[in-house]
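These are the residues of each chain, in order.
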Amino acid sequence: MPERIVLYTAKICPYAQRAEIALLEAKAPNVQYQIDLQNKPEWYAPKVNPASKVPAIAYGGPDVPPDQPSPESVKLAESLILVEFIADLFPESGILPTDPVLRAKTRFFIDGVSTKFVPAWHAYSQGKSSAEEFYKAVEYLQSLLPTEGYAIGPYSAADIAISPFLGRARVTLLNDFGGYPAGEGPKVLEALSSGSGRFARFGKYLSDVLARDSFKATFDEAYITERYTARFANLRK
Ligand SMILES: N[C@@H](CCC(=O)N[C@@H](CS)C(=O)NCC(=O)O)C(=O)O
């Protein structure tokens, strides 16, 4: 029987959303505590995560309020490690498949998310690279997708790793936020999501992962749109 889980999270953070999705997929009882990243509580780094980042989990220990973490709980961090930890605690969730080939495929897809997709998205959205360079990263992930279903077929940690970034990319492009040329965002979104042409398979995948209940329940689009409006306001000036 898994012990008490306290997740330290922040609605704006895609990495934290990974942990929130994994907990929902696993139907794991847990307590969540929002960390204000602009004004972090002074106890957070020393008592929970020395790297001072979300997400983090306090596992086990006595039933104390989340803002008074006990030294007796185990403190864990790094979103992909937390997703695997949740998968290990709740193997019936299927987040990490039991079949060795599917497990390897899950990790291979996640590697592509970490080393290709996320850096390419950040560079493009900051106006530091072209749409074509971003498209190449998308095309790489698309080449890994099976003809139907999620990243490896059944829903898995691979989808959990990418969907928070896809949700935020959709909001960014739709609203034309970012450092790329004005007016380009909606066109890129249309190319990626139309479900035809160069990104036909990726478009279907995008709509499938964003329609997943665990994604929708952990994604506050209005809040993220508002925060991004402020974050990207001066990027093109
Ligand atoms: N590699 C980490 C990245 C986590 C991360 O960068 N979190 C950001 C928010 S999205 C954070 O907490 N930054 C600390 C800060 O803003 O001071 C993970 O996968 O968990």
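Keep in mind it's a predicted model, so treat the numbers as computed, not measured. (Residues numbered from 1 in each chain as written. Predicted model: local features only at pLDDT ≥ 70, side-chain atom pairs only at ≥ 80, totals over all residues. Heavy atoms only, no water.)

(A) Structural view of the nonpolar core. Ranked by size, the top nonpolar core spans 76 residues in total, and within it Ile95, Phe109, Phe117, Phe134, Leu166 and Tyr205 carry the most contacts. Tallying contributions element by element places helix α6 (residues 157-174) first for this core, with 10 residues. For this core, the domains that each give at least three residues are domain 1 (5-93) and domain 2 (100-231). In this structure, phenylalanine 134 is in contact with Phe117, Ala120, Trp121, Tyr124, Val188 and Leu192, ignoring residues within four places of it in sequence. (Core = buried A, V, L, I, M, F, W, Y, C linked by side-chain atoms within 4.5 Å. Buried < 20%, exposed > 50% of the residue type's maximum accessible area, 1.4 Å probe, protein only. Helix = DSSP H or I, 4+ residues; strand = E, 2+ residues; numbered from the N terminus. Domains from an automatic or database assignment. Contact = heavy atoms within 4.5 Å.)

(B) Examining empty space enclosed by the protein more closely. Counted according to the given criterion, the structure contains 2 cavities of 30 Å³ or more. Each pocket or cavity is described by its volume, and for the largest cavity that value is around 60 Å³. For the largest cavity, the full set of lining residues is Phe117, Phe134, Leu166, Ala169, Arg170, Leu173, Leu189, Leu192, Phe202 and Leu206. The greatest single-element share of the lining of the largest cavity, amounting to 4 residues, is contributed by α6. For the lining of the largest cavity, the per-class residue count stands at 9 nonpolar, no polar and 1 charged. Lining the second largest cavity are Arg4, Val6, Tyr8, Ala58, Gly60, Pro62, Val64, Pro65, Pro66, Pro69, Ser70 and Ser73. Residue composition of the lining of the second largest cavity, by class: 8 nonpolar, 3 polar and 1 charged. (1 Å grid on protein atoms, 1.4 Å probe; cavity = no way out; pocket = protein on both sides within 12 Å on 5 of 7 lines; lining within 4 Å. Points joined across faces, edges and corners; volume = space filled by probe spheres on them. Nonpolar A, V, L, I, M, F, W, Y, C, P; charged D, E, K, R; others polar.)

(C) Up close: the site of the ligand. Around the ligand, the neighbouring residues are Cys13, Tyr15, Leu37, Lys40, Ser52, Lys53, Val54, Pro55, Glu78 and Ser79. A distance of 2.9 Å separates an oxygen atom of the ligand from a polar atom in the backbone of valine 54. In the model, a nitrogen atom of the ligand is placed 2.8 Å from a nitrogen or oxygen of the glutamate 78 side chain. Protein chains shield 72% of the accessible area of the ligand, which is 510 Å² for the free molecule. In this structure the site holding the ligand corresponds to the largest pocket. Looking at the shell around the ligand residue by residue, the classes come out as 5 nonpolar, 2 polar and 3 charged. (Near = heavy atom within 4 Å. Polar contact = N/O pair within 3.5 Å; in protein donor to acceptor, adjacent residues only side chain to side chain. Areas by Shrake-Rupley, 256 points an atom, 1.4 Å probe, with all protein chains shown as cover. Sits in = over half its atoms within 2 Å of the grid points.)

(D) The domain arrangement of the chain, seen in detail. The domain architecture assigned to the chain consists of domain 1 (5-93) and domain 2 (100-231). The gap between the C-alpha centroids of domain 1 and domain 2 is 24 Å. Taken together, the contact pairs 16 residues of domain 1 with 26 residues of domain 2. Interface area, domain 1 with domain 2, both sides summed: about 1800 Å², of which 60% is carbon and sulfur. Ranking the residues of domain 1 by area buried against domain 2 places Lys11, Ile12 and Gln17 at the top, with a combined share of 34%. Counting the contacts that link domain 1 with domain 2 gives 3 salt bridges. (Buried area = accessible area lost by both parts, 1.4 Å probe. Salt bridge = Lys/Arg side-chain N within 4 Å of Asp/Glu carboxyl O.)

(E) Region of interest: the sheet that holds strand β2 (residues 31-34). Reading across from one edge, β2-β1-β3-β4 is the order of the 4 strands in this open sheet, with mixed pairing throughout. This sheet does not close on itself; its edge strands, each paired only once, are β2 and β4 (74-77). Sheet twist, expressed as the average angle between the axes of neighbouring strands with direction ignored, equals 20°. In terms of strand pairing, strand β3 (residues 56-59) meets β4 through 4 bridges, oriented antiparallel. (Pairing = 2+ DSSP bridges. Axes fitted to C-alpha atoms, helices over the stretch in contact; angles between N-to-C directions.)

(F) Layout of the packing of α6 against helix α7 (residues 184-193). At a minimum axis separation of 7 Å, α6 and α7 run at an interaxial angle of 135°. Judged on the interaxial angle alone, α7 and α6 are oblique. When α6 is examined against α7, the residues Arg170, Leu173 and Leu174 are found in contact with a partner set consisting of Gly185, Pro186, Val188, Leu189 and Leu192. Here the residues of the contact of α6 with α7 are counted per class, giving 6 nonpolar, 1 polar and 1 charged. (Parallel < 35°, antiparallel > 145°, perpendicular 65-115°, else oblique.)

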